[in-house]
Number of protein chains: 2
Amino acid sequence: MPTTKNNSGIESLRFLTPARAIEVRARFGSPVYVYDQETLRRQAEACLAFPHAFGLTVRFAMKACPNAAILQFFESLGLHFDASSGWEATRAMRAGVAPQKISLATQEMPENMPELRRRGVLFTACSLNQLDRFGRQFPGEKLGLRLNPGLGSGHSGKTNVGGPGASFGIWHESLEEVQDLVMNHRLHVVKVHTHIGSGTDPAVWQHVAKMTLQLTREFPEAETVNLGGGFKVARGADEKTTDLQKVGAPVKALFVQFERETGRKLKLEIEPGAFLAAQAGALVCSVQDIVSTGKKGHEFLKLDAGMTEILRPSLYGSQHAIIVVPGPISRSAGKKKYLVVGHCCESGDLLTPAPGQPETLAPRLLARAEIGDVCVIEGAGAYCSGMSAKNYNSFPEAAEVLLREDGALRLIRRRQSLEQITQNEG
Amino acid sequence: MPTTKNNSGIESLRFLTPARAIEVRARFGSPVYVYDQETLRRQAEACLAFPHAFGLTVRFAMKACPNAAILQFFESLGLHFDASSGWEATRAMRAGVAPQKISLATQEMPENMPELRRRGVLFTACSLNQLDRFGRQFPGEKLGLRLNPGLGSGHSGKTNVGGPGASFGIWHESLEEVQDLVMNHRLHVVKVHTHIGSGTDPAVWQHVAKMTLQLTREFPEAETVNLGGGFKVARGADEKTTDLQKVGAPVKALFVQFERETGRKLKLEIEPGAFLAAQAGALVCSVQDIVSTGKKGHEFLKLDAGMTEILRPSLYGSQHAIIVVPGPISRSAGKKKYLVVGHCCESGDLLTPAPGQPETLAPRLLARAEIGDVCVIEGAGAYCSGMSAKNYNSFPEAAEVLLREDGALRLIRRRQSLEQITQNEG
């Protein structure tokens, strides 16, 4: 399900139609996030079909898109949830998610752990200190452990989710200290968790699963192995999406082999965020200006949105398909190379950077635009509304709309007001 | 006023003392921004002393730190304001700023221009389309023009605030179209504005001022020249701060020369943001975990803050001094190299990147830390509270406190609640 380009080499809309995009803007204003229930369901079903030997739990990494309506829909499909902070765990419960379906694996252990535990939220310790604190607060209880197996998918010396340059999880060489803490606090380690951002290569998945199962041998009470998320999803036209059947098959085989060797039937957990939501969201906004820096320069489309709604291009040089929707007035067709920029007074507010290079200008071929045209930014369902430079230049948080499977559009978050932005001042 | 290092090579607190930082956390919680009124005054005075021949207006680029208390204090010192969106203009008026002191120069012309004009907000057109729209709405009125003189301070092909790779302002080769629009709408161009981020070199300032004055010759009604902001301010220990007296002297000389040649006494405007506020702010937070990835790996300090409060290191590889404040319990002194990371489940949430390289790990020498220590991040007065990945991982917006000149601490923004984060959902 990659982003497609049409015959003229221009990227196409994914789940909206031009008429629908225009309708969304007319009804809900601009900019507005739209989420497609059908895509959410399809992606959830793909994850729920991940190959497994002895059971599977799919947890939505809710930081990707924490709107209550999204959480509620995923819960109705049988998904569980990964909360990355105590706030998120509480947020999910307020949305109606059963506490037993929420697993908290966080960089910052919250103050209200006793309340979260009392209500039934699961906990995965991500550091020795967390393990010790949990043990002192809840001796004799069950928990999971997030381990850093010493391997990451990125370059050394760079930020990464695994390996020596990553702060996530307990370093694999500290197992002796782990066992001491577990014993001293009479804890039961029922889950072993790793997450290294495994990408699209089945061989890498196999290697990671093997390593994780090796670690799991050290924890005889572990019933579940969580391999994290980080499945690749193609937002740009030239990117690849992880084939879950392909990467999952060798993983399943390893679980079967583990059972043969140990008699232990391990349940598999995965925690996708982007894979579940990225392609299910689009930002509908407007071309509000077009400026030129001369024949040797560039033509810029200026949107009424930007890093305030979609920060990923500015932060990581991420690629999002951008589609100009022609207006109702007929005009000459054609295409043109544009730089697309956001509405902030910030040179880094660029929607068309070079891949992985946030500050490098990469003009993109788009349908010829006019001021006032609707513009759709695809791949905006994950880490966009949830991770943006919200309120920069005092722009209010955009509205969110759900495109239901019955075709109805439902407002699931109202646009923020200026009063709300400043409500805690004074 | 650079960030200083003490004898042991460790960066020092700027305006807080260890006791004060501990007091701030005890009274207002963690994390919390603290702004120093004395530094705000000193920086404002430095800007108001910028060399000028025929008058000076200093506008605070309010996007840098839009809290009402900061705006009110700056107004009391005689500063005016640069609003980068219609929302900001309204926000400043709500804070009590006189509309006549607000100049709107925006990438996105707001819907409520008629109301803003009626109240007295000034307007600077930043594109041909804005100029035309303004002319149609307000024929015969006064306005400013932001021009792109074709020169930027950065590399070509990269994001920049001036030159062919920048979308800010009207391209200098479009002056004929500008004059047509001005004539057709009988407009009066009373201000010419450029902003190219001029840095610390007096020669560059001189060149920019010369170019801008050359453009000003084309607008005989112009009374004011605005040279923008972008003055460098040293946040890290190895950075340089622009010496306003040095860069301003040749600028003043050019204004004098311009008057001799044309008889026109031009008023100067400057629009600092970071220069006024960056060093006046600090984020007081906590070391909430310390993790290691072994002898060949790194030691990580995990804060209860991060890209949710200070996005600049993740976005631009910006350098902020970080000071660990020893706790009350006596312990062995010493120092150690740490990577400092934020509390988000995001590999890019790194507070100690290499300069200009957000994803490159750069361990930093700090006082030896213990879990629970107060940690202060300096240089957090500009583009931190105003430009952050707010609410990512559902962390609430931090509180803001003003350290008054009389020594009192005043809460100027309460910490956000989870209810407020989700108040527009459903």
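Here is what the cut-offs are and how they apply
- Residues numbered from 1 in each chain as written.
- Chains lettered and ligands numbered in written order.
- Predicted model: local features only at pLDDT ≥ 70, side-chain atom pairs only at ≥ 80, totals over all residues.
- Heavy atoms only, no water.
- Contact = heavy atoms within 4.5 Å.
- Buried area = accessible area lost by both parts, 1.4 Å probe.
- Salt bridge = Lys/Arg side-chain N within 4 Å of Asp/Glu carboxyl O.
- Polar contact = N/O pair within 3.5 Å; in protein donor to acceptor, adjacent residues only side chain to side chain.
- Helix = DSSP H or I, 4+ residues; strand = E, 2+ residues; numbered from the N terminus.
- Nonpolar A, V, L, I, M, F, W, Y, C, P; charged D, E, K, R; others polar.
- Buried < 20%, exposed > 50% of the residue type's maximum accessible area, 1.4 Å probe, protein only.
- Pairing = 2+ DSSP bridges.
- Phe/Tyr/Trp six-rings, centres within 6.5 Å; stacked < 30°, edge-to-face > 60°.

## Here we look at the interface of chain A and chain B
Turning to step 1, where the next piece is worked out: In this complex, chain A contributes 91 residues to the contact, which on the side of chain B involves 91 residues.
Turning to step 2, where the next piece is worked out: For the pair chain A and chain B, the two sides together bury roughly 7800 Å², of which 50% comes from carbon and sulfur.
Turning to step 3, where the next piece is worked out: The three residues of chain A that bury the most area against chain B are Trp87(A), Thr159(A) and Asn424(A), which together make up 10% of that side's buried surface.
Turning to step 4, where the next piece is worked out: Linking chain A with chain B are 4 salt bridges.
Turning to step 5, where the next piece is worked out: Residues Glu419(B) and Arg94(A) are paired through a salt bridge, measuring 3.3 Å at the closest nitrogen-oxygen approach.
Turning to step 6, where the next piece is worked out: Linking chain A to chain B there are 44 residue pairs in polar contact (both at pLDDT 80 or more).
Turning to step 7, where the next piece is worked out: Counting residues per element, the ones that place at least two in the side of chain A that touches chain B are α4 (86-94), α6 (128-137), β11 (281-292), β12 (299-303), α11 (312-316), β16 (357-361), β20 (409-413) and α12 (418-421) of chain A.
Turning to step 8, where the next piece is worked out: For the side of chain A that touches chain B, the per-class residue count stands at 34 nonpolar, 38 polar and 19 charged.

## Some words on the side chain of Ser385(A)
All names here are of chain A.
Turning to step 1, where the next piece is worked out: If you trace the backbone, serine 385 turns up in the loop between β18 (374-378) and β19 (399-403).
Turning to step 2, where the next piece is worked out: Given the relative accessible area of 10%, serine 385 is considered buried.
Turning to step 3, where the next piece is worked out: Separated by 2.7 Å, the side chains of serine 385 and glutamate 400 make a polar contact.
Turning to step 4, where the next piece is worked out: Among the polar contacts made by the side chain of serine 385, one reaches the side chain of arginine 413 at a distance of 3.3 Å.
Turning to step 5, where the next piece is worked out: With sequence-adjacent residues up to four places away left out, serine 385 is seen in contact with Tyr33, Tyr35, Glu309, Glu400 and Arg413.

## Structural notes on the pairing of strand β1 (residues 32-36) of chain B
All names here are of chain B.
Turning to step 1, where the next piece is worked out: Where burial is concerned, most of β1 is hidden: 5 out of the 5 residues are buried.
Turning to step 2, where the next piece is worked out: Here β1 shows no split at all, with Val32, Val34 and Asp36 on one side and Tyr33 and Tyr35 on the other all buried.
Turning to step 3, where the next piece is worked out: Bridge count for β1 against strand β11 (residues 281-292) is 4 bridges, and the pairing is antiparallel. Bridging from a neighbouring strand, tyrosine 35 pairs with glycine 281 of β11.
Turning to step 4, where the next piece is worked out: With 5 bridges connecting them, β1 and strand β19 (residues 399-403) associate as parallel partners. The residue of β19 that forms the bridge with tyrosine 35 is leucine 402.

## A short note on the packing of aromatic side chains
Residue and element names in this part refer to chain A.
Turning to step 1, where the next piece is worked out: Counting across every chain of the model gives 18 aromatic pairs over all chains.
Turning to step 2, where the next piece is worked out: Between tyrosine 33 and tyrosine 35, the aromatic rings sit 6.4 Å apart at their centres with planes inclined by 5 degrees, giving stacked as the arrangement. Here tyrosine 33 matches tyrosine 35 in class, with each residue buried.
Turning to step 3, where the next piece is worked out: Judged by centre distance (5.0 Å) and plane angle (50 degrees), the ring pair of phenylalanine 134 and phenylalanine 138 falls under tilted. Take phenylalanine 134 and phenylalanine 138: they sit in the same class, and that class is buried.
Turning to step 4, where the next piece is worked out: In this structure an aromatic cluster arises from ring pairing among Phe50, Trp205, Phe231 and Phe275.

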